[in-house]
Structure formats: structure tokens, C-alpha cells
Amino acid sequence: RVVKRLQASAPTDPRRRHLRAAAINTLSLCKGEMADKGTTATDLEPFELERFFAKWEFEASHLLCCSDCEPLAVSELLEHADEECLKEWNELVLGYTMANGSELLRREVCKMYATLGEEDVNIVVPEEGIYLSMLALLKPGDHVVVTFPGYQSLYEVARSLGCTMHYWKPRFDSDGLRFHTEDVKSVLESHDVKLVVMNFPHNPTGKTLTREQHAEVVDLCRQKQCYLFGDEMYRLLEYEAAHQLRSNVDCYERAIILSGVSKALSCPGLRIGWIASHDKAFMRRLAELKDYTTICPSGPSEVLALMAVRQRGRIVAKNKAIIAENIATLEKFCAEHAAHVSWDPPQAGSIAFPRVVTDKTVDQFCEGLATQRDTLLLPATVYGDEAFAKDKRVRFGLGRKNIAEGLERLAAFFKEQA
């Protein structure tokens, strides 16, 4: 009866709404029931991209859609490691580690930014960083702007908490997909926005902002005093130095960034990333919530990540060379198979998002390619946007070596479908 009365009430004060939601959740759980949709982050929809990869990633032999760069062998990291890192590795004891990450790793991470101190960084699993940040920042009814399509947790956690979502989508311009800052500006001017979430270089389109556009978004956030969460996992993979944006954390005091070693530094298996911010209250709350997830990072992963961060110049240069070669290969491939695929040039990062020409749905196309030609592309449907699914977009990965055989199989599949 108490739950029903609480559910029927509708307090206007945001603080009372938050307490009401918490009360409903607590009482419902005591009764053995889930709370109403939107009152807790347990109301998460299936992660469509990850479910797709769970089904296909280790079934198909030729992966043309990976978002990471060519993964490194441990032996390569050790070969190029300095004496201090080798000492850390050889003397490593498999005990618990510092909750916010080792001092050595946090100190090295800070060298990648202009304004960070060690206390501004918390070492996390990248996905954990997104999840905990949203829990720390948001409550039911908050307005959130997010680049879309995108990595699902960047918007799904907020949606599950009962936030009002505004999706900042690229437009279908004559020269390809483009993000326009006036689209986010209109939302910020018409709503009391709590958080702007943006991901540049963007997954899955491979697009980015100009420096002028980026500065405009940061200024809009500052004017409205909303938080800015920047997913910077693909930062450092800009094709030209002039296109690299300043890190959000170096631009704005209420910015929060996510980065890590999974993409540009070729170490996704380490599961090491970091959340960084100058906002002390946010960082304190993030640390408190982390006690309910991983508690502390993996010691071996931290030492190997330290090696990767210190070797970032060498690693990034190698990955950018692979990406450049793959872009040239794919441009030629798409020109030769223009009747079947329309190239949309990426601007930065290790991903492209071209359009396939087929009378099938994009799901049917990708499943047929996987089952008949043992080759994997990622269909736009995993991002949950009808427009991109109807446009039959697929994600190509640009950061892996040896894509030639996969492209040969794709060409054969095109021929069979003609």
C-alpha cells in the first residue's frame, strides 16, 4: 500500500522526486519486486552491440568491424619497457592495489593533459567509468544531451535512471554525415540541461568537430553551468595534428573525461581506463560508488598499462599508419564496388560508417555475410536508430592489420547478391 501511494504521488521539487524514487525502490526490493521503470539503473535494456559481438566475434574468422587498433603482445610491451617499468613488473605482488590506481600510472596519465594532477584521476575499467559517472551525476528527471548513435551505455544508463534524453545526431549532408553545433545549442537554450555527453572522435561515424565547433559547445556548457562528459577513447587517433581537439578536462572546470588504453594504445584486454575531472565532489562520489564495483584495479594490468602509456608515441604512430593504409584500401575498394557500397570518409579515429546498397535489411546483409563468407560487419541496427538502419549503414574497423582477405570475401558476397 505504501508503494502504491508513493507511486501515485508526484512531488514537483526535484529533491523530493529523488527521495520518492529511492523510497519506492527500497520498499519494492524489500517486497521482492523490481521498482518502477526509470527509478534505478537496474532497468537497463540489453546492450545490443555487445550482444551482437557475444554471438559473432569468436565465430567469424574475418572481423572487418573492430573498433580497436591492432592489439599488442605482452612481449612487445616488455621489449620496449624502461627499467622502472620492468622492475615494477618483475617485483609485482598479486595483492590488492590502491583504490584510485597506482601513483605511477596516474602520474603518467597526467602528462597527457595540460591541467591534471594525480588527485584528479581515478583508474577504472572503461565501461565501469561510464556507469559510475552517470550514477554519480544524475537523478530522475534530469535532462541529458548525448551524441547519437553511440556506445549504448553513454545514454542507456541515464535513460534507465529516468532522465529525459535529447539525442544529438549527425545530419545527412551532401558530403556525408556531419554534426552541427546549432542542434545541441537549441536543446541547451530550451531546457535546463544537467549533462552533455559527447564522444569525439565519434563511434561509429568516424566524424569529429572542428576546434571552433568544440570551443562553442564548451562555451555553451559553461554558460549553462551543466556538466560535460567527454568520451575521449579515440583521442590521439586524429589523422592530422590540426584536427586534434583539446581534452575537455583542459577546457572546462565541470568537464569529466573517459579515456584509456583500449583503442589508441592497442591494449583492450587490460581493461584499464581512467576518469578525470577537476570537480572534487564528483571525484569523491565516483570513488565511493567504485567500492561497489571493482574496488581497485588489477595490479598486472596497471603495470602493463603504465608501459603502454609511456610508449604512447611509438604505439600511436604505428596505429595511425595502419589506419591510413586501411583508409586508402577501403576507398579503392568502395570505388571498385560502388554499386554495392557507398563510402563516407571518416575524419578521425579507427572507425568508418559507410552505407551498403542491398535489397535486404542491413541485419540480413550482415548475418548473410557472417554465415556465408565467415566475415563480420556491424549493422547500424545495434545502435537503435531507425534512420541509420534504413540507410543501411555498417561499421568498418580501420585499426587492424590484414583486412585484405576479409575484403575479398566481402567482394565475393557482393557478387553473389547481384
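Residues numbered from 1 in each chain as written. Predicted model: local features only at pLDDT ≥ 70, side-chain atom pairs only at ≥ 80, totals over all residues. Heavy atoms only, no water.

Engineer: Quick one: what's the story with helix H11 (residues 280-290), residue by residue and with numbers?
Structural biologist: Considered for burial, the residues of H11 that qualify are Phe-282, Met-283, Leu-286, Leu-289 and Lys-290. Seen along its axis, H11 keeps its buried residues to an arc of 125 degrees; they face one direction. For H11, the secondary structure elements touched by its buried residues are strand S2 (121-124), helix H7 (126-137), strand S9 (255-260) and strand S10 (273-277). The N-cap of H11, judged by a side-chain oxygen 3.3 Å from the amide nitrogen of Ala-281 a few residues on, is Asp-279. (Buried < 20%, exposed > 50% of the residue type's maximum accessible area, 1.4 Å probe, protein only. Helix = DSSP H or I, 4+ residues; strand = E, 2+ residues; numbered from the N terminus. Arc of directions from axis to C-beta. Contact = heavy atoms within 4.5 Å. Polar contact = N/O pair within 3.5 Å; in protein donor to acceptor, adjacent residues only side chain to side chain.)

Engineer: Give a detailed account of the side chain of Asn-248, specifying residues and quantitative values.
Structural biologist: Tracing the backbone through its elements, the reader meets Asn-248 in the loop between strand S8 (227-231) and S9. Here the side chain of Asn-248 touches Glu-232 through a polar contact of 2.8 Å, side chain to side chain. Filtering out sequence-adjacent residues up to four positions away, Asn-248 remains in contact with Met-198, His-214, Val-218, Leu-228, Gly-230, Glu-232, Ala-255 and Ile-257.

Engineer: Quick one: what's the story with the packing of aromatic side chains, residue by residue and with numbers?
Structural biologist: The relation between two aromatic rings is expressed through the spacing of the ring centres and the mutual angle of the planes. With the rule as written, the count across this model stands at 14 aromatic pairs. Taking 6.0 Å as the distance between ring centres and 45 degrees as the angle between the ring planes, the aromatic pair formed by Phe-353 and Phe-388 counts as tilted. Of this pair, Phe-353 sits in the loop between strand S12 (351-352) and strand S13 (355-356) while Phe-388 is found in helix H15 (residues 386-390), placing the two residues 35 residues apart along the sequence. We note that Phe-353, like Phe-388, is buried. Counting every residue linked through ring pairs, the aromatic cluster contains Phe-172, Phe-353, Tyr-383 and Phe-388. Over the ring of Tyr-227 we find Arg-254; its NZ or CZ atom is 4.0 Å from the centre of that ring. (Phe/Tyr/Trp six-rings, centres within 6.5 Å; stacked < 30°, edge-to-face > 60°. Lys NZ or Arg CZ within 6 Å of the ring centre and 35° of its normal.)

Engineer: Just give me the short version of the environment of Asp-43, but keep the residues and values in it.
Structural biologist: Inspection of the secondary structure assignment puts Asp-43 in the loop between helix H2 (14-30) and helix H3 (48-56). Expressed as a C-alpha distance, the spacing of Asp-43 and Glu-156, which sit 113 residues apart in the sequence, is 9.3 Å.

Engineer: For the side chain of Ser-259, give the residues involved together with the corresponding values.
Structural biologist: Its place among the elements puts Ser-259 in strand S9. Separated by 3.5 Å, the side chain of Ser-259 and the backbone oxygen of Glu-232 make a polar contact. For Ser-259, the contacting residues outside a window of four places in its chain are Tyr-113, Glu-232, Met-233, Gly-273 and Trp-274.

Engineer: Hey, could you go over the sheet that holds strand S7 (residues 193-199) for me, with residue numbers and the actual values?
Structural biologist: The strand order across the open sheet built from 7 strands is S2-S10-S9-S8-S7-S3-S4, with neighbouring strands paired in mixed fashion. Of all the strands in the sheet, just S2 and strand S4 (164-168) have a single pairing partner and so form its edges. Within this sheet the neighbouring strands show an average axis-to-axis angle of 20 degrees, counted without direction. The sheet contact formed by strand S3 (residues 143-147) and S4 spans 5 bridges and is parallel. Bridging across to S4, His-143 finds its partner in Thr-164. Here helix H8 (residues 153-160) sits on the sheet and contacts S3, S4, S7 and S8; the angle it forms with S4, its principal contact strand, is near 160 degrees. (Pairing = 2+ DSSP bridges. Axes fitted to C-alpha atoms, helices over the stretch in contact; angles between N-to-C directions.)

Engineer: Talk me through the packing of helix H9 (residues 181-190) against helix H10 (residues 211-224); I want residue IDs and the actual numbers.
Structural biologist: Helix-helix packing is characterised by the crossing angle of the two axes and by the distance between the axes. Axis separation between H9 and H10 bottoms out at 10 Å; the angle between their running directions is 5 degrees. For the element pair H9 / H10, the angle class is roughly parallel. Here Thr-181, Val-184, Lys-185, Leu-188 and Glu-189 of H9 come into contact with H10, specifically with Gln-213, Glu-216, Val-217, Leu-220 and Lys-224. Broken down by class, the residue content of the contact of H9 with H10 amounts to 4 nonpolar, 2 polar and 4 charged. (Parallel < 35°, antiparallel > 145°, perpendicular 65-115°, else oblique. Nonpolar A, V, L, I, M, F, W, Y, C, P; charged D, E, K, R; others polar.)

Engineer: Go over the packing of H7 against H8 with me, naming the residues and quoting the values.
Structural biologist: H8 packs onto H7 with a crossing angle of 30 degrees between their chain directions and a minimal axis gap of 9 Å. When the interaxial angle is binned, H7 and H8 end up roughly parallel. Judged by the sense of rotation from one axis to the other, the crossing of H7 with H8 is right-handed. Listed contacts from H8 to Glu-127, Ile-130, Tyr-131 and Met-134 of H7 are Ser-153, Leu-154 and Val-157. Taken together, the residues of the contact of H7 with H8 sort by class into 5 nonpolar, 1 polar and 1 charged. (Left-handed = near helix turned anticlockwise from the far one by under 90°.)

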